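Here are the chains, one letter per residue:
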Amino acid sequence: MTSRGVPCLTLLIAGRATGLYEDSSSVSKQDIRQQIWDYMESQNLADFPRPVHHRIPNFKGSYLACQNIRELEVFARAQEVKVDPDKPLEGVRLLALQSKKTLLVPTPRLRTGLFNKITPPPGATKDILRKCATSQGVRSYSTPVGLDSRVLVDLVVVGSVAVSEKGWRIGKGEGYADLEYAMMVSMGAVSQGTPVVTIVHDCQVVDVPEALLEDHDLTVDYILTPTRVIATGCERPKPTGIIWSKISSEVMGKIPILRSLRCRERQAGRDVTLQDEPRHLLGTSSQQPPPLSTVRRHQDPQQPESCSGQGEDGPSNTVFIGNLPRGTRVSELKRALRELGTVPQRLTWQGPQRRAFLHYEAPISAQQAVSCLQGLRLGAATLKVALARPQRAGDMTGSCAEEPCPDRPSAVSDL
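Residues numbered from 1 in each chain as written. Predicted model: local features only at pLDDT ≥ 70, side-chain atom pairs only at ≥ 80, totals over all residues. Heavy atoms only, no water.

Trainee: Which parts of the structure should I look at to understand the overall build of the protein chain?
Mentor: Of regular secondary structure, the protein chain possesses 12 helices and 19 strands. Relative to its 415 residues, the protein chain shows a buried fraction of 51%. Relative to all contacts within the protein chain whose residues are 6 or more apart in sequence, the contacts with residues 24 or more apart total 64%. (Helix = DSSP H or I, 4+ residues; strand = E, 2+ residues; numbered from the N terminus. Buried < 20%, exposed > 50% of the residue type's maximum accessible area, 1.4 Å probe, protein only. Contact = heavy atoms within 4.5 Å.)

Trainee: It is not clear to me how the side chain of Asn 58 should be interpreted in this structure. Could you clarify?
Mentor: In this structure, Asn 58 sits in the loop between α2 (29-42) and α3 (62-67). Separated by 2.6 Å, the side chain of Asn 58 and the backbone oxygen of Phe 48 make a polar contact. Ignoring sequence-local partners within four residues, the contact set of Asn 58 consists of Met 40, Leu 45, Ala 46, Asp 47, Phe 48, Pro 49, Val 52, Lys 87 and Pro 88. (Polar contact = N/O pair within 3.5 Å; in protein donor to acceptor, adjacent residues only side chain to side chain.)

Trainee: How do you make sense of the packing of helix α10 (residues 256-267) against helix α12 (residues 363-373) when you look at a structure like this?
Mentor: To describe two helices that pack against each other, one gives the angle between their axes and the distance between the axes. Relative orientation of the contacting elements α10 and α12 amounts to 145°, with a least axis distance of 8 Å. Here the hand of the crossing between α10 and α12 comes out right-handed. Side by side, α10 and α12 meet where Arg 259, Cys 263, Arg 266 and Gln 267 of the first sit next to Gln 368, Ser 371 and Cys 372 of the second. Considering only residue class, the contact of α10 with α12 consists of two nonpolar, three polar and two charged. (Axes fitted to C-alpha atoms, helices over the stretch in contact; angles between N-to-C directions. Left-handed = near helix turned anticlockwise from the far one by under 90°. Nonpolar A, V, L, I, M, F, W, Y, C, P; charged D, E, K, R; others polar.)

Trainee: What is the right way to look at the sheet that holds strand β9 (residues 222-224) in this model?
Mentor: Within a sheet, each strand pairs with its neighbour through backbone hydrogen bonds, oriented either parallel or antiparallel. Spatially, β4-β3-β2-β1-β5-β8-β9-β10 is the arrangement adopted by the eight strands of the open sheet, whose pairing is mixed. Only two strands of the sheet have a single neighbouring strand rather than two, namely β4 (142-145) and β10 (229-231). When the angles between neighbouring strand axes are averaged without regard to direction, this sheet yields 25°. In this sheet, β9 lies alongside strand β8 (residues 196-199) in parallel orientation, the contact comprising three bridges. When the bridges of β9 are listed, Ile 199 appears paired with Leu 224. The strands that helix α5 (residues 90-98) touches are β1 (80-83), β2 (102-106), β3 (115-118), β5 (155-158) and β8; relative to β2, the one it contacts most, it runs at about 150°. Against the sheet, helix α8 (residues 176-186) engages β1, β2, β3, β5 and β8, with an angle of about 150° to β1. (Pairing = 2+ DSSP bridges.)

Trainee: How do you make sense of the nonpolar core when you look at a structure like this?
Mentor: Soluble globular proteins tend to pack their nonpolar side chains together in the buried interior. One finds Ile 32, Ile 69, Leu 155, Val 157 and Ile 199 to be the most contacted residues of the largest nonpolar core, which totals 48 residues. Contact partners of Val 157, with chain neighbours within four places excluded, come to Ile 69, Val 81, Lys 82, Val 83, Asp 84, Leu 89, Val 92, Val 197 and Ile 199. Grouped together as the second largest cluster of nonpolar side chains are 35 residues, Met 187, Val 190, Ile 223 and Leu 274 included. (Core = buried A, V, L, I, M, F, W, Y, C linked by side-chain atoms within 4.5 Å.)

Trainee: It is not clear to me how α12 should be interpreted in this structure. Could you clarify?
Mentor: One full turn of an α-helix is made of 3.6 residues, so residues set three or four places apart face in the same direction. Within α12, eight of the 11 residues are buried, which leaves the element mostly enclosed by the surrounding structure. Restricting attention to buried positions, one finds in α12 the residues Ala 366, Gln 367, Gln 368, Ala 369, Val 370, Ser 371, Cys 372 and Leu 373. Positioned one or two residues after α12, Gly 375 has a phi angle of 85°, which is positive.

Trainee: Before we go on, may I ask you to explain the pattern of salt bridges in this structure?
Mentor: Side chains that carry opposite charge are capable of pairing whenever their charged atoms lie near each other. Within the structure shown, the criterion is met by 12 salt bridges. With a closest N to O distance of 3.2 Å, Glu 165 and Arg 228 form a salt bridge. A residue pair is termed long-range when its members are at least 10 positions apart, and Glu 165 in the loop between β6 (162-163) and β7 (169-170) and Arg 228 in the loop between β9 and β10 qualify at 63 residues. The exposure class assigned to Glu 165 is partly exposed, which follows from its relative accessible area of 32%. Taking the relative accessible area as the measure of exposure, Arg 228 reaches 24% and is therefore partly exposed. Arg 169 is the salt-bridge partner of Asp 178, the closest N and O atoms lying 3.7 Å from each other. The pair Asp 178 / Arg 169 is uniform in exposure class, with both members buried. Through salt bridges that share partners, Lys 82, Asp 84 and Glu 180 make up one connected network. (Salt bridge = Lys/Arg side-chain N within 4 Å of Asp/Glu carboxyl O.)

Trainee: Looking at this model, I keep getting lost on unusual backbone geometry. Mind explaining?
Mentor: Most peptide bonds adopt trans geometry, and most residues besides glycine take a negative phi value. Of note, the bond from Phe 48 into Pro 49 is cis; its omega dihedral lies within 30 degrees of zero at 0°. In the Ramachandran plot, His 54 falls in the positive-phi region, its phi being about 65° despite a non-glycine side chain. Following the sequence through the fold, His 54 ends up in the loop between α2 and α3. For Arg 354, which is not glycine, the phi dihedral falls at a positive 60°. Checked against the element boundaries, Arg 354 lands in the loop between β14 (346-350) and β15 (355-359).

Trainee: What's the story with the packing of aromatic side chains in this structure? I'm lost.
Mentor: Given two aromatic rings, their pairing is described by the distance between the two centres and the angle made by the two planes. One pass over the full model with this rule turns up one aromatic pair. Here the guanidinium or amino end of Lys 101 rests over the ring plane of Phe 75, the centre of that ring lying 4.8 Å away. (Phe/Tyr/Trp six-rings, centres within 6.5 Å; stacked < 30°, edge-to-face > 60°. Lys NZ or Arg CZ within 6 Å of the ring centre and 35° of its normal.)

Trainee: Even after reading the chapter, I still don't get the pairing of β2, so can you show me in this structure?
Mentor: Sheet faces and side chains relate simply in a regular strand, where the side chains alternate between the two faces. Most of β2 is tucked away, with four of its five residues classed as buried. Note that β1 and β2 share three bridges and pair parallel. Of the residues in β2, the one forming a bridge with Val 81 is Leu 103. Once the chain exits β1 it traverses α5 before rejoining the sheet at β2, and the crossover so formed is right-handed. (Right-handed = clockwise from strand over helix to strand, strands pointing away.)

What follows is the structure, encoded as structure tokens:
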């Protein structure tokens, strides 16, 4: 397949003309990415920011390609549109705002949530709308959209490094677009019928061996280039939710909203075992919360910093939080707990000692909170999280091994 005014790059990458990739098993996604990036730079097709390597590449003619979305009925019908923050999609973000559609843009690397809703000021001029469509505008004219918000996305627009006419997409290799879509599925914001559009240069439309596709890979229904509108007719199912076994603990630690979703899915009885998480730690059934007996006691030399979850007074309903950064305010911890859906009945704050205690109604709630809060970071510090020793009469706080727990709390506050 060739395109008007574009050399036979598609033939080169697919290997049909050169024989470079006659054995499709020898091709990797990175091979295709590298050739696309190299070609766009060498032919001066790339646009700011450059070089385009390791990016969703911006290209000359991206605004023209974006204009083609007006030909799609799915765009005309859409009321709520999710558009990735990549530079070549800026034109679509502007069109969505000009058409008075609700525009949702994912937060960079999902660090502070899933979406930002772009809200131009009343009476915004064309120049202001253009600014709202840029990365600076996303920062200046947006409000966060939480998991509990009623979001129903009518159209998804993603960037790509390469895409085939069959709708098979290759991103830049970090997996954020795939993960964002899976998270939207999990929160009920999209369904299998929600159309997905990508916008690329003609040279990025290439053959992609089907063997490279995995279950978590997002496919597309429409491809827009400066010269073409391609309806892929793709029948390959899109991701049906988050595949937890492909997510590492490191990734979980970086994305707070992912931890919150995991907590919800665990409570719904789904298997949320991570890629590097031993299944035996989750009990005999990975679809149920871990039994209290699997929580290590503080005497266990293999885990000296954890707190006892069970004792002579029964299981604990209190969670110990340690290693709070110096100067942390209780409001910062409360905000993090609300974002993760782990709000306790009561919070004991001991800021000068860099710790706090979360008191829940039932032990199972405390145990689920421990699972959700693992890897939680405030500032540069990763917090210590564990079940506290069961409370006894006259003892208002939990007690934790290697963490001196005073008899009286410094402050008790309700959330």
